[in-house]
Amino acid sequence: MRGYLAFMRGAMLVGVVYRLGFLFTILGNIVYMIIAYFLWRSIYAGKETLNGLTFDQALLYIALGSTIFILLKTYTDWGMAEEIRSGTISVYLTKPIDYQLYNLFGTIGFASTTILTVTLPTVIMLLFVFRIHFALGWGYLFFPVSLILAFIINFNLDYAVGLSAFYTESIWGISTTKEIIVSVLSGALLPLQFFPAAVQQVLMVLPFQAMFFTPLMMVTKPDQQAGVFLQMLVVQALWAAVTYAASRLFYNQAIKVLRVAGG
Amino acid sequence: MTLIHIKDLTKHFRILNRHEGLKGAVRDLFSGDYRTVKAVDGISFDIEPGEIVGYIGPNGAGKSTTIKMMTGILKPSAGVLQVNGLVPYDNRMRQAMIMGVVFGQRTQLWWDLPVIESFKILKEIYKVDQKMFDEHLGMFNELVGLKALYTQQARTLSLGQRMLCDIAASFLHNPQVVFLDEPTIGLDVSVKAKIRGLILELNGTRNTTIILTTHDLGDVEALCRRIIIIDKGKILYDGDIKKVNALFGAYRTLKLQIKDYAEATRTALQNGLAGKFGAEHGITIAQTEDCWTDVTIDQARTPLADVLAFVMTNFPVEDVRIVEISMENVVRKVYDGALQ
C-alpha cells in the first residue's frame, strides 16, 4: 500500500513540474465561466426558474461542472497508451505492482495537484466574483464522497480506454469519442433536467450520470433529505464497483495480447 | 539449488503477413494470413545462484524473448521455466520481488522526477527498510559516485549516467537475480568500464545471479565465466567462456587503408605475409567496399604487432584501425564447427 502512496506522491511531484500549464488551465476556465455567465443570464432572461433550477443553481452547476471536468481530465488513457505503444509497460510488469492500482494512485496524485491549482481558485472566484448564493443543506456533506466516487468511475473508463492501446496503434478516436459521450450524457455540459423526460430516464440508468450529475446535484440542490443523497451515493458506489471490475476483466484480456503475441 | 531451470522452452509468435500499399492494408484488416515465428525454439539450461551468465547472439536471435519469459512478461508457448522453483508467468508479483531488471533501451526511473525520488518510490514498492536503503545508496555512491546525480531529473541525465542509476535501481531491493538486457548499448568506453566494474562488485559482494544479454563481446570477456550463445531461437553453445574466448579473443581485424590500392597490392600483401610468417600464419585478407583492406589475424599464431610492423614498413598505409571480431563473426565461426 505504501508503494502505491509513493506513486501518488511521485505523480504530484510531476504535476507540480508543469507549473505553467496550470495558469493556462485556470485562465481558460475563467473565460469559459464568463461566457457561461452571460449565456445563462440570457437564457434565464425574465424567468425565475427553468426546469426546476434557478439561475444561481444553473450557473453554479455549469461552473462547478466545468471545474470538475478539468479535475477529472487526468490524461490517464493517453499516458497508458504511450506506455503500451512504446513497450515501457514491460518495466512495470517486472515490478511487484498492480497496473490498475498503480495508475489509479498516479491519477489521484495528479488530480490532487489540480485541486490546489485549479479547483480551489475557481471555487474562490465563484464565491467572491460571481457571488453565487449557496443554499444550506445536507448535500455539502455528501459532496466530497460523491466526488471521490465520480473520480473512480471516471478513472475506470479512462483505464479501459488506455488498455485499448493493446489492440490499436492510436487511441485518439476512442478517447475523443469517450470524452464526447461522457460530457453530453453525464450532464457535464448541461444539467440533465434540460433533457426530454424520456431521455432523462435512459440516462439515469447509465453510469455517466454518476460522474457529473450526481455530485453536482448535491451542491446545487443541497436542501434535500439525507436519505435521498445516501441513495445517490449507493448508486454511485455500485457503478464504481462495476466499472472497476469490468476494467480489470478487460485488462486480463488485453494483457494476453502482449503476453502471448509479444510486445 | 538451481535458481533458474529451463527445459525445452519455446515461444512462437503468430504474425500477420502484411501486404503492401493501401489496398494491402485494407486487405490486412480482414486477413487470416498468419505466419509463425519461432522466436525461441526449444532451449534448455540451468543457472546456479551467484553465476554471471552471458546470454549472447546476433539481432533477433531470441535473447530478449527469453529474458521476457524469465521475468514473467511473456507466456511461454511450451516447455518448463522455473525461477527459484516458481513459474514466473503465474507468480508475477511474487517473482518480481526477487528480480531486478534493466532494459537498456528503456528506463525504470520516472522521467520528470529527480533520481532520488524514483529510488524512494522503488524503496516503497519493494518494501526496503530505511537502513538498507541508505546502505545501498552509500555503496553506489562509493562505487560510481552517484550522489551528484540524485537531485537531477532523470531526463536530464546522459545515457551513461542514466544507465548507472538504472542499475543501481535494479539492485536496490537486493534481488536474487538481475537481468541486464544490453546494459552498455551506445555507451563510450569509460562508462562501459564503470558499469562492468559495478556489476562485478555487486556480484562479488552479494552473490547476485546476473544474466546479461549483450552485443558487446567486451562485456562478456570482462564479466562472464559462462556463456550461452543463441541464434535463430536455438542454443549454439553453452559452456565455459575460455573456449569461446580462445576463439574470438584471439582474433583481431586490422583494417588498413592503402594508398593507390590495386589488385596487385593485394597479391603483394598476401605473398609478403606468407613469406614473412609462413604458410600456416592464420591470416585472412578481404577487401571491403568502402576501400578498407581487412586483415584478420589469429593472434595465437601470429602476433598482431608483427603484422602491423611488417605492413607499415612495406606498404604505403594511410590509415589503420584495429577492431575486435563481431558477434556475427563469432556466430558464423560457431556454425562452422569451431567449438566442436
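Each remark here, short or long, concerns the structure printed above.
Here is a short report on the structure shown in this document. Everything quoted here is computed from the prediction, not taken from an experiment.

Attention shifts here to the overall build of chain A. Counting its regular elements, chain A contains 11 helices and two strands. Against the 2.2 N^0.38 benchmark of 18 Å for 263 residues, chain A shows a C-alpha radius of gyration of 19 Å, consistent with a compact globule. Along the first, second and third principal axes, the C-alpha set of chain A runs to 65 × 40 × 35 Å. For chain A, the proportion of its 263 residues judged to be buried stands at 38%. Of all intrachain contacts in chain A linking residues separated by at least 6 positions in sequence, the fraction that spans at least 24 positions is 83%.

Across the boundary between the two partners, chain A contributes 20 residues, which contact 24 residues of chain B. Looking at which element gives the most residues to the side of chain A that touches chain B, the answer is helix H1 (residues 2–17) of chain A, with eight residues.

Attention now moves to the sheet that holds strand S9 (residues 234–240) of chain B. Residues and elements named next belong to chain B. Taking strand neighbours across the sheet as the criterion, the six strands line up as S5-S6-S7-S3-S8-S9 in an open arrangement whose pairing is mixed. Each edge of the open sheet carries a strand with a single partner, namely strand S5 (99–103) and S9. With direction set aside, neighbouring strand axes in the sheet form an average angle of 15°. Pairing of strand S3 (residues 52–56) with strand S8 (residues 226–231), which is carried by four bridges, proceeds in the parallel orientation. Paired with Ile56 across the bridge in S8 is Ile229. Sitting on the sheet, helix H2 (residues 63–70) is in contact with S3, strand S6 (177–181), strand S7 (209–214) and S8, with an inclination near 150° to S6.

A few words on the pairing of strand S13 (residues 317–324) of chain B. Residues and elements named next belong to chain B. The buried fraction of S13 is low, at zero of eight residues. Pairing of strand S10 (residues 251–258) with S13, which is carried by seven bridges, proceeds in the antiparallel orientation. Counterpart to Leu254 in the pairing with S13 is Ile322.

Before going further, it helps to spend a moment on the packing of helix H6 (residues 99–128) of chain A against helix H7 (residues 139–163) of chain A. All names here are of chain A. Across the interface, H6 lies against H7 with an axial gap of 11 Å and an inter-helix angle of 125°. With respect to H7, the element H6 is oriented oblique. Between H6 and H7 lies a crossing of right-handed hand. In this structure, H6 contributes Gln100, Asn103, Leu104, Thr107 and Ala111 to the contact, and H7 contributes Phe151, Phe155 and Tyr159.

Turning our attention to the sheet that holds strand S2 (residues 34–47) of chain B. Residues and elements named next belong to chain B. Strand order in the open sheet made by the three strands is S2-S1-S4, with antiparallel pairing throughout. Every other strand in the sheet has two partners, leaving S2 and strand S4 (78–83) as the edge strands with one partner each. Recorded for the sheet is a direction-independent mean angle of 30° between the axes of neighbouring strands. Contacting strand S1 (4–16), S2 and S4, H2 crosses the sheet at an angle of about 115° to S1.

Right, let's talk about unusual backbone geometry for a bit. It is generally the case that most residues other than glycine have a negative phi and that most peptide bonds are trans. Residues and elements named next belong to chain B. A positive phi angle, near 50°, is found at Asn174, a position not held by glycine. Its place among the elements puts Asn174 in the loop between helix H6 (159–171) and S6. Of note, Asn207 is a non-glycine position whose phi angle comes to about 60°, a positive value. You can see Asn207 is positioned in the loop between helix H7 (189–206) and S7. For Asn207, a count of 11 C-beta atoms within 10 Å puts it in the exposed group.

Cut-offs used in this document
- Residues numbered from 1 in each chain as written.
- Chains lettered and ligands numbered in written order.
- Predicted model: local features only at pLDDT ≥ 70, side-chain atom pairs only at ≥ 80, totals over all residues.
- Helix = DSSP H or I, 4+ residues; strand = E, 2+ residues; numbered from the N terminus.
- Rg over C-alpha atoms; globule rule 2.2 N^0.38 Å.
- Buried ≥ 20, exposed ≤ 12 C-beta atoms within 10 Å, placed from the backbone.
- Contact = placed C-beta atoms within 7 Å.
- Pairing = 2+ DSSP bridges.
- Axes fitted to C-alpha atoms, helices over the stretch in contact; angles between N-to-C directions.
- Parallel < 35°, antiparallel > 145°, perpendicular 65-115°, else oblique.
- Left-handed = near helix turned anticlockwise from the far one by under 90°.

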